[in-house]
Amino acid sequence: MDFLPVFMNLKGEKCLIVGGGKVAVRKASVLLQAGAMVRIVAPQLNESFDLPTGSEHIAECFQASHLDGMALVIAATDDAIVNEQVSREAKQRNIPVNVVDNPNLCTFIMPAILDRSPLLVAFSTGGASPVLARLLRGKLETLIPQAYGRLVAFAERFRDTVKQRIAVPSQRRIFWEDVLDGAVAEKVFSGDEHTAEAMLLDLLEHPKAQADGEVYLVGAGPGDPDLLTFRALRLMQKADVVLYDNLVSESILDMTRRDAQRIFVGKRRGNHTLPQEEINDLLVRLAKEGKRVLRLKGGDPFIFGRGGEEIEKLAEHKINFQVVPGITAASGVSTYAGIPLTHRDHAQSCIFVTGHLKDGTMELDWDLLARPKQTIVVYMGLHGLAILCSQLVSHGLPATTPIAIIQQGTTQNQRAICGTLVTLPQDPNVAQLQAPTLIIVGGVVSLREKLAWFKPSASLL
Ligand code: SAH
């Protein structure tokens, strides 16, 4: 270890920054956040930066006397001689000193900071590569929820109570692990500290032989794993059991915990591997066994996803659950196809419908759909394509209205076929498309010619 990481209490302490440029101002802000009293010494401040609120500026050249009474000093000038002088004088007085970008002149170095106060994570490469430290911090940003600070503060509130109640340290540790990594923590993250508190107190009164199960109903987006949310990823890595269907891509499934049990509850058109009722019951049963159950759904769970039905049952059984929105196909697929769903010249509104056939017909409000300046997105519409197009025309949309059908959008298998309400149903290529496919109707489709930016391998076939 080249450096010992410590966290300094600088509240109310005087700290000196030497230099008046961008870096000096940035360092001053960090020190102010830690509650320090900051004095900036520089003949002049770079005029494009405001003096950070709470700091004072002394318009002088650095002299050793500026160090009097200082708890810490940072030199951030572009003058090597001044930086060296600050370092020397500070060392003589045993004042911790940092010279920006010059580890040899430092007695301490500044880490990259991930701030979830009161939780703090500091990253350092010992001055070797600050950029790498920042990159690493970025990676952890995605894994540590913003709400972690709230969780730490929550835990602190109950620290003494728990200590009194559970005297044996090893039992206390188990209790806290359960709270901080379980349903109570999830309640805090979702902003419901009131219930979290009740659950924690209940757990103290009646320690459980087995942890409470819970269900995470998570939207996995349209296919590209990069479109997952931070929260989705975190819960995917936490769950003991994963229920998924065929809208969830293999590469996304690979991101769930390695040792999690995976259950395919697939849904193929007209061939449900498990009827919806049984999926609902299975979620309840697994959660009652104390498991953390991830119900992973394509796109967004609340958009043509039956997410509502699945959690209704959970609510009836008073099982803890949370729902994580995902990027729905309409949004993800259109974007990757270069089709903005709204555009001032083409569409002021956008409507999502399901084109699922019932007894060979589509029960849709055609008058509502066949309106000018509106984009229509049809989920599950491939098999009804011909009906859709002819109905729209007979209800008043021009036969030349552009339409696109896109297969497996956002993935390397994305393919789009464009045409008009008259030509597309006749296009022989449509029969080659592989599910899932999404249909987009409206003037915005014409923009694809200019805006298609995503070039997956399938489009080059
Ligand atoms: N909850 C999902 C939709 C489920 S319905 C969501 O919010 O996206 C299933 C339909 O979604 C498919 O029939 C198809 O029309 C559409 N779909 C989902 N992912 C798709 C993709 N990657 N490309 C094209 N269509 C997709």
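Presented here is a report on the structure given in the accompanying data block. (Residues numbered from 1 in each chain as written. Predicted model: local features only at pLDDT ≥ 70, side-chain atom pairs only at ≥ 80, totals over all residues. Heavy atoms only, no water.)

### A closer look at the site of the ligand
Okay, step 1: The environment of the ligand is made up of 18 residues, and the closest members are P222, D300, I303, T328 and T437.
Okay, step 2: With respect to the ligand, the backbone of G298 contributes an N or O atom lying 3.1 Å from a nitrogen atom.
Okay, step 3: Residue T437 places a main-chain N or O atom 2.6 Å away from an oxygen atom belonging to the ligand.
Okay, step 4: Protein contacts shield 92% of the accessible area of the ligand, which totals 540 Å² for the unbound molecule.
Okay, step 5: By residue class, the composition of the shell around the ligand is eleven nonpolar, six polar and one charged.
Okay, step 6: Looking at the shell around the ligand, you find at least three residues from each of domain 3 (214-327) and domain 4 (333-451). (Near = heavy atom within 4 Å. Polar contact = N/O pair within 3.5 Å; in protein donor to acceptor, adjacent residues only side chain to side chain. Areas by Shrake-Rupley, 256 points an atom, 1.4 Å probe, with all protein chains shown as cover. Nonpolar A, V, L, I, M, F, W, Y, C, P; charged D, E, K, R; others polar. Domains from an automatic or database assignment.)

### A word on the packing of aromatic side chains
Okay, step 1: Evaluation of the coordinates by the stated rule reveals nine aromatic pairs.
Okay, step 2: Among the aromatic residues, those joined into a ring-pair cluster are F304, F352 and Y379. (Phe/Tyr/Trp six-rings, centres within 6.5 Å; stacked < 30°, edge-to-face > 60°.)

### As for the pairing of strand 17 (residues 402-407)
Okay, step 1: Buried residues dominate strand 17, accounting for five of its six residues.
Okay, step 2: Of the strand pairs in this sheet, strand 17 and strand 18 (residues 415-420) are connected by six bridges, and their pairing is antiparallel. Residue Q407 lies in a different strand from strand 18, and its bridge partner there is R415.
Okay, step 3: Relative to strand 19 (residues 437-441), strand 17 runs antiparallel, the two sharing five bridges. Among the inter-strand pairings, A404 is bridged to a residue of strand 19, identified as I440. (Buried < 20%, exposed > 50% of the residue type's maximum accessible area, 1.4 Å probe, protein only. Helix = DSSP H or I, 4+ residues; strand = E, 2+ residues; numbered from the N terminus. Pairing = 2+ DSSP bridges.)

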